[in-house]
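# Structure assessment
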Amino acid sequence: QVQLVESGGGLVQAGGSLRLSCAASGRTFSDNAMGWFRQAPGKEREFVAAISGNGGITVYADSAKGRFTISRDNAKNTAYLQMNSLTPEDTAIYYCAASDRYYMAGRDSHDYRYWGQGTQVTVLS
């Protein structure tokens, strides 16, 4: 069983930055793809970024490309999402997720079996 716990959310002014962390427990973290998703008020959960098991391949949503960076430190069992140039449209609950079967990064939420509880990001205009 894998458990994920997000942290690092909060309130930030437009144009500011936040770094989210996702601490993982379990034995398969280093082998599996991980992703970040978000859900804004009144909207469906959407893909943000994903990273392959060894961190060599990353994939981003168009909304995140050029502003966000996903990374992982397998020795620390932790994944990160660095968010720069934040706008109010980035306001959402951010969730990290881990796959139980895929090594490559994927955009589909169904590729991920394990999910964190979410951390709130609010960007002030």
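See the structure above.
Along each chain, numbering runs from 1 in the same order as the chain's sequence is written. Note on the predicted model: pLDDT of at least 70 is required for a residue's local features to be given, and 80 or more for side-chain atom pairs to be given and counted; whole-chain, interface and lining totals, by contrast, use all residues. Just so you know, side-chain values use all the structure's heavy atoms and leave hydrogens and water out.

## Side note on the pairing of strand S11 (residues 119–124)
Throughout this description, buried means an accessible area under 20% of the type-specific maximum (1.4 Å probe, protein chains only), exposed means over 50%, and partly exposed covers the range between. The helix count covers DSSP runs of H or I at least four residues long, the strand count covers runs of E at least two residues long, and both are numbered beginning at the N terminus. Here S11 shows one buried face, formed by Thr119, Val121 and Val123, and one open face, formed by Gln120, Thr122 and Leu124. A pair of strands is treated as paired once DSSP finds two or more bridges between them. In the sheet, strand S2 (residues 10–13) pairs with S11 via 4 bridges, with the strands oriented parallel. Opposite Val12, over in S11, you have Val123 as the bridge partner. Relative to S11, strand S9 (residues 92–98) is paired through 3 bridges, and the arrangement is antiparallel.

## Things to note about the pairing of strand S4 (residues 34–39)
On a regular strand, each side chain points to the face opposite its neighbour's, so the side chains alternate between the two faces of the sheet. Burial of S4 is extensive: 5 of the 6 residues sit out of reach of the surface. As paired strands, S4 and strand S5 (residues 46–51) are joined by 5 bridges and run antiparallel to one another. Across the sheet, residue Arg38 finds its bridge partner in S5, namely Glu46. Connecting S4 to the antiparallel partner S5 that follows it, the hairpin turn spans 6 residues, and Gly42 within it adopts a positive phi of roughly 75 degrees. Sheet topology places S4 next to S9; 6 bridges connect them, and they run antiparallel. Within the sheet, the bridge partner assigned to Met34 lies in S9 and is Ala98.

That's the geometry; what it means functionally is another story.
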